[in-house]
Amino acid sequence: QSALTQPASVSGSPGQSITIPCTGTSSDIGGYNYVSWYQQHPGEAPKLMIYDVIYRPPGVSNRFSGSKSGNTASLTISGLQAEDEADYYCISYRDSSLWVFGGGTKLTVL
Amino acid sequence: QVQLVESGGGVVQPGRSLRLSCTVSGFTFNNYGMHWVRQAPGKGLEWVAVISYDASKRYYADSLKGRFTISRDYSKNTLYLQMDSLRADDTAVYYCARALSYGSESSIEYWGQGALVTVSS
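Residues numbered from 1 in each chain as written. Chains lettered and ligands numbered in written order. Predicted model: local features only at pLDDT ≥ 70, side-chain atom pairs only at ≥ 80, totals over all residues. Heavy atoms only, no water.

### Thoughts on the environment of Leu-45 of chain B
Within the element layout of this structure, Leu-45 of chain B appears in strand 5 (residues 45-51). Residues Leu-45 of chain B and Tyr-94 of chain B, spaced 49 residues apart in sequence, show a C-alpha to C-alpha distance of 9.7 Å. For Leu-45 of chain B, the contacting residues outside a window of four places in its chain are Gln-40, Pro-46, Tyr-89, Phe-101 and Gly-102 of chain A together with Val-37, Arg-38, Gln-39, Tyr-95 and Trp-111 of chain B. (Helix = DSSP H or I, 4+ residues; strand = E, 2+ residues; numbered from the N terminus. Contact = heavy atoms within 4.5 Å.)

Here is the structure:
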């Protein structure tokens, strides 16, 4: 099963906003509102940042937001901070009750 | 608080089997779907399997080709992953994870710290 497509890397300066796209197909992102985003710092387990496309779990900064258009979901981080530097992964529910991750995006805060 | 603790990782020879366990606490195990996810060294996350809250539904990544089995024991608050016919490319950190709710269509909310499985002769 093919992974969702994410850029390998993105970067931004402190205070700026960045957006990470996650592209799939009508069998996954386009067909369901079950897209989540995870932040992973080196050597740590992933942390849920956004679920069901747009919802933030308690405790996650409102600088993080999610959206979807067609077969592409996006994670936007506003007011970039040094602590946001990490790897970010999207995941989507897919036909036949499967789940599929994106390849991951390394965010560098310049 | 929610805790998920994996165990059973280690070094195993190609072709052999290994069973991972994940003991949970801090929530009602019977009410949530559970996932396994793996991450090969220096690579991205790969979804492995999911089991619904009542174990009536189990789904696996196509790439596993029937070699892995997910199960759960309610009396022990434990999730399992039985891995057979292991190959070198199964080498990874295996994460146990709790879903947002009960169904197999519920995404991952909480993660364990992971168990390293190394397949090598």
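Still to come is the rest of the account.
### Describing the interface of chain A and chain B
With 20 residues of chain A at the interface, the matching set in chain B holds 25 residues. Our count for the chain A to chain B interface comes out at zero salt bridges. Where chain A packs against chain B, one counts six residue pairs in polar contact (both at pLDDT 80 or more). Elements that contribute at least two residues to the side of chain A that touches chain B include exactly strand 3 (35-40), strand 7 (86-94) and strand 8 (98-101) of chain A. Classifying every residue of the side of chain A that touches chain B by side-chain character gives twelve nonpolar, seven polar and one charged. (Salt bridge = Lys/Arg side-chain N within 4 Å of Asp/Glu carboxyl O. Polar contact = N/O pair within 3.5 Å; in protein donor to acceptor, adjacent residues only side chain to side chain. Nonpolar A, V, L, I, M, F, W, Y, C, P; charged D, E, K, R; others polar.)

### Observations regarding the pairing of strand 1 (residues 9-12) of chain A
Residue and element names in this part refer to chain A. In strand 1, alternate side chains face the same way, and those of Val-10 and Gly-12 are buried while those of Ser-9 and Ser-11 on the opposite face are not. As defined by bridge partners, strand 1 adjoins strand 9 (residues 105-109) across four bridges and the pair is classed as parallel. Residue pairing in the sheet places Ser-11 in a bridge with Thr-108 of strand 9. (Buried < 20%, exposed > 50% of the residue type's maximum accessible area, 1.4 Å probe, protein only. Pairing = 2+ DSSP bridges.)

Read these as geometric descriptors, not functional statements.
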